[in-house]
Amino acid sequence: MTVFTLSQATARALGKAGASMGARMDPGMGQSRGTRGVAPDAGTGRARKPHRTGAPVLRDSIEAGTFEEMFFAVPAKGETDTLLRIARRTLDAGRQLRREARAGDRILTAAERRIVTLTAAAVRVYEEILTLARLNRGRVFPSYDHLSDATSLGRATIARALDILEDIGFLVRQRRFKRIDADGPGPRYRQTSNAYRPTLPQRVLGFMPRWMRPAPLPDDAVQHEIDRASEVAAMVAGLSCRDMAIATVGGQLGKMLAKLGASIDRRECESHNHPQPLRS
């Protein structure tokens with residue numbers, strides 16, 4: 001017979017009561033209210049065990065502070081204004097394409113089907129991101145609440161606008177997480193705001209007037225880029241496993257991979273210095 005203390009018995013009783021109450025709840029109720037840190041079980045709609053931090057880290061997230069220096073880019077003078085004009089022109093082109101497609105005068109290509117999804121709300125969100133890029137020297141990581149307050153749009157509209165902008169190619173988005181202090185063993189993480197970098201999608205340039213298209217690079221500049229890419233590839237190919245991890249991966253994962261790479265490098269060095277005799 002197992003003996004429990006008063007606190008252990010109370011905790012077990014409360015846990016059983018909470019489980020039975022959760023089983024009687026409507027499966028869709030928790031999802032519609034956005035229960036924090038609880039992931040629905042696929043196929044059943046029931047909630048699985050909450051994440052230990054109360055806020056799960058989304059897939060493809062990178063630790064904040066480990067990649068921003070390589071991710072952000074300072075915009076050139078007038079670059080943000082040019083990107084905003086191109087986005088507005090793309091919105092007009094998408095409306096024209098939509099009218100022609102509805103009238104049966106045009107069959108949209110894959111690129112054109114993406115362009116017609118651009119909305120005025122997405123352009124407004126893009127304008128705010130470009131403003132932040134101009135004011136903060138390219139370091140853009142606003143929260144959904146900030147974008148909602150700045151544009152007077154709802155969070156759901158903000159989310160759809162960011163998906164549209166990313167799908168067309170007007171921006172690059174990177175999810176981020178950060179470490180937090182918590183009780184118990186092991187690291188604790190929490191999702192934080194995304195990082196954004198405005199870009200110019202090549203698929204929309206065909207719908208721009210000639211004066212808005214970027215000038216082609218001179219032949220010597222193109223050859224210089226090709227030579228530089230070849231030099232970088234040759235340099236990376238000559239790196240050791242440890243140096244490769246340091247150069248390509250940052251944060252705690254990069255440190256762990258660097259240690260693993262150092263051990264691999266030592267084994268390879270030992271195998272070269274003290275080769276085993278071949279068996280006859």
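Preceding block: the structure.
Residues numbered from 1 in each chain as written. Predicted model: local features only at pLDDT ≥ 70, side-chain atom pairs only at ≥ 80, totals over all residues. Heavy atoms only, no water.

**Student:** Would you take a moment to explain the packing of aromatic side chains for this structure?
**Tutor:** Geometrically, a pair of aromatic rings is defined through the distance of the ring centres and the angle of the planes. If you walk through the whole model with that rule in mind, you get five aromatic pairs. Ring centres of Tyr-126 and Phe-170 lie 5.1 Å apart, and the angle between their planes is 55°; this geometry places the pair in the tilted category. With a gap of 44 residues between them, Tyr-126 in helix H6 (residues 120–135) and Phe-170 in the loop between helix H8 (155–168) and strand S2 (171–179) connect regions that are remote in the sequence. Tyr-126 gets classed as buried once you look at its relative accessible area, which sits at 0%. Judged by relative accessible area, Phe-170 falls into the buried class, the value being 0%. Ring centres of Phe-177 and Tyr-189 lie 5.1 Å apart, and the angle between their planes is 90°; this geometry places the pair in the edge-to-face category. On the criterion of sequence distance, the pair formed by Phe-177 in strand S2 and Tyr-189 in strand S3 (residues 189–198) is long-range, its members being twelve residues apart. Residue Tyr-189 is classed as partly exposed on the basis of its relative accessible area, which comes to 21%. Through successive ring pairs, a cluster of aromatic residues spans Phe-67, Phe-71, Phe-72 and Phe-141. (Phe/Tyr/Trp six-rings, centres within 6.5 Å; stacked < 30°, edge-to-face > 60°. Helix = DSSP H or I, 4+ residues; strand = E, 2+ residues; numbered from the N terminus. Buried < 20%, exposed > 50% of the residue type's maximum accessible area, 1.4 Å probe, protein only.)

**Student:** Mind showing me how you'd approach helix H4 (residues 79–102) here?
**Tutor:** Side chains three or four residues apart in an α-helix point the same way, a direct result of the helix having 3.6 residues per turn. The terminal C-alpha atoms of H4 lie 35 Å apart, and with 24 residues this matches the ideal 34 Å at 1.5 Å per residue to within 8%. Elements in contact with the buried residues of H4: helix H5 (110–115), H6 and S3. Phi for Gly-104, located one or two positions after H4, is positive at around 80°. (Expected span 1.5 Å × (residues − 1). Contact = heavy atoms within 4.5 Å.)

**Student:** Can you walk me through the side chain of Glu-112 in this structure?
**Tutor:** Structurally, the position occupied by Glu-112 is in helix H5. Here Thr-109 takes part through its backbone nitrogen, which lies 3.0 Å from a polar atom of the side chain of Glu-112. With residues up to four places along the chain from it excluded, the contact list for Glu-112 reads Leu-97, Arg-106, Ile-107 and Phe-207. (Polar contact = N/O pair within 3.5 Å; in protein donor to acceptor, adjacent residues only side chain to side chain.)

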